[in-house]
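One letter stands for each residue in the lines below.
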Amino acid sequence: MTSMFTMVARILILLVLFHHGYCQIQPKSCADLYMSNIVRQSGEYTIYNNNNQPFQVYCEFQHGYGYTFISPATRVNVDIANLVTNRSHVLVRDRRKDGTQYEADLSQITSHKNTPLSIQYNTYTSYREIQNPSMGPYVYVGFIPVTDTHLRGTEGYQMDGQDLTFTNCDGNSNSYFVFLFNAHGAAPSSYNPTYALMQKQWIDGARALPRGRYLPDAYFSFFEMHFGGCGAYGTPQHLPQVSGAAVGLRYDISCPMPVDVTHATKSVSSTLVGGHVTYTCDLGYTRAFGDLTQTCSPTGRWTGLTPSCQSFPCSSHPCQNGGLCFEIEGSNYVCECTESFSGTHCEKPNM
Ligand SMILES: *[C@@H]1O[C@H](CO)[C@@H](O)[C@H](O)[C@H]1NC(C)=O
């Protein structure tokens, strides 16, 4: 009886411990999944928001970086800052009515290249409101903020490195792509399209994807793209070859800033994957153990061991004129001079 009780109690304790441990390692991003070294295969995964609520994402893993696509079935809050580390561009996929998929990199036009894209979930802070607010939740990608758009300004977006611009005709400050998950099946707004070239260049100029890189169909949603003042307004209603679009948010894996090592200087080429840190021991010190050069690996860790530089008095070559240096008692040394020299450092020629 007692042993039965003990066994049940043990199992319960194990279950509690397991569950507790499991909660602590809940991944919050595709980068977390990749760095945990458990998965390396692009595909659909469950990650968690800051309140530990799960949602589905498609992770496209590349070496040292990747893209996160949020499932349009998501109904919990998404802490977007956990997913995006690089706001220089987004990857936009579109799905054609024939089932094929295409992609294009969208970024700022050259004149605004130092303004990061603004990627927001269900908000549009510093940008213009969308035309289909009832079709949320949504991922908002803001290009030029309201305060930087002007009547007669040159505005637009860049596709795969090519500027697509227009001249703002009335001061309206729309400058966004938005991807709408339409939780309640709302009907699209009847807002008039603007049939400019820019409205569909990101589709006509997109790259065809090989089938092996296709996103599940369920990841494509309704979208709006809106620029100007005479730029473009387009939704799947106005772009008949397209059935939906999806936005890939870029993350880059990086290593923490390498630690300082006493009696050494460090030089860091980059903290991104493939970057190096090189330690150089100060004069009079040499490496006792560890690695003087380390590389940032795709797991977000530096390769090798932190080095230690220890005082080896002879390493500063204190004995002159061909004298030999011998270490004594750890940090001291004596010089053994050749026949023609003498002195502590063999500095005096013998007469
Ligand atoms: C961000 O992405 C760009 C590619 O658009 C890349 O060249 C750059 O190194 C990335 N920056 C960081 C800090 O990861």
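For every chain, the first residue of its written sequence is number 1, and the numbers climb from 1 along that sequence. Confidence filtering applies because this is a predicted model: local features only for residues at pLDDT of at least 70, side-chain atom pairs given and counted only at 80 or more, and all residues used for totals across whole chains, interfaces and linings.

For helices the rule is a DSSP run of H or I covering at least 4 residues; for strands it is a run of E covering at least 2, with both sets numbered from the N terminus onward. On a plain count of helices and strands, the protein comes out with three helices and 23 strands. It is over C-alpha atoms that the radius of gyration is taken, and the globule rule equals 2.2 Å times the number of residues to the power 0.38. The C-alpha radius of gyration computed for the protein amounts to 30 Å, which surpasses the reference 20 Å derived for 351 residues by more than 25%, pointing to a less compact arrangement than a globule. Along the first, second and third principal axes, the C-alpha set of the protein runs to 105 × 80 × 35 Å.

What follows covers the domain arrangement of the protein. Start and end positions for the domains come from either an automated domain assignment or a database one. Domain annotation for the protein reports domain 1 (2-252) and domain 2 (264-349). Using only C-alpha atoms to locate each centre, domain 1 and domain 2 end up separated by 51 Å. What counts as a contact is two residues whose backbone-derived C-beta atoms lie within 7 Å of each other. Taken together, the five residues of domain 1 in the interface contact six residues of domain 2. Here the residues of the side of domain 1 that touches domain 2 sort into one nonpolar, three polar and one charged. Note that Gly is not counted as nonpolar here; it falls among the polar residues with everything else outside the nonpolar set of Ala, Val, Leu, Ile, Met, Phe, Trp, Tyr, Cys and Pro and the charged set of Asp, Glu, Lys and Arg.

Moving on, we come to the sheet that holds strand β18 (residues 293-295). Between any two strands, at least two bridges found by DSSP are needed for them to pair. Strand order in the open sheet formed by three strands is β15-β16-β18, with antiparallel pairing between adjacent strands. At either margin of the open sheet sits one strand with a lone partner, and together these are β15 (264-268) and β18. Averaged over all pairs of adjacent strands, the angle between their axes in this sheet comes to 15°, without regard to strand direction. Judged from the three bridges that link them, strand β16 (residues 276-281) and β18 form a sheet pairing that is antiparallel. Residue pairing across strands places T278 opposite T293, the latter belonging to β18. Each axis is a line fitted through C-alpha atoms, and for a helix only the stretch in contact is used; angles between axes span 0 to 180 degrees, taken between their N-to-C directions.

Here we take up the site of the ligand. Close to the ligand lie N86, S88, H89, R250, D252 and L272, which account for all nearby residues. Residue classes in the shell around the ligand are distributed as one nonpolar, three polar and two charged. For each residue, a C-beta atom is placed from the backbone, and the residue counts as near a molecule or strand when that atom lies within 6 Å of it.

So, on to the environment of I144. Its location among the elements puts I144 in the loop between β7 (138-142) and β8 (154-159). Along the chain, I144 and Y58 lie 86 residues apart, while their C-alpha atoms are 28 Å from each other. Residues contacting I144, with those up to four places away along its chain left out, are H112, T115, T149, E155 and S175.

With that settled, consider the environment of V57. Along the chain, V57 turns up in strand β2 (residues 54-62). Neighbour density around each residue's C-beta defines its exposure: 20 or more other C-beta atoms within 10 Å make it buried, 12 or fewer make it exposed, and counts between make it partly exposed, where C-beta atoms are placed from the backbone. In this structure V57 comes out as buried when scored by C-beta crowding, with 24 C-beta atoms within 10 Å. Counting along the chain gives 277 residues from V57 to V334, while the straight-line C-alpha distance between them is 67 Å. Setting aside anything within four residues of it in sequence, one finds V57 in contact with C30, Y45, I47, T68, F69, I70 and S71.

This next bit is on the sheet that holds β7. In space, the five strands of this open sheet follow the order β6-β7-β10-β12-β13, with antiparallel pairing throughout. What marks the edges here is a single partner per strand, and that holds for β6 (118-121) and β13 (232-234). Neighbour-to-neighbour, the strand axes of the sheet open up by a mean angle of 15°, direction not taken into account. Relative to strand β10 (residues 174-180), β7 is paired through five bridges, and the arrangement is antiparallel. Along β10, the bridge assignment pairs Y140 with V178.

Counting 57 residues, the largest nonpolar core has V178 and F179 as its most contacted members. Looking at which element gives the most residues to this core, the answer is strand β14 (residues 242-252), with six residues. Think of a nonpolar core as buried Ala, Val, Leu, Ile, Met, Phe, Trp, Tyr and Cys residues chained together by C-beta atoms that fall within 7 Å. Within the second largest apolar cluster, nine residues are counted, among which are C255, V277, Y285 and W302.

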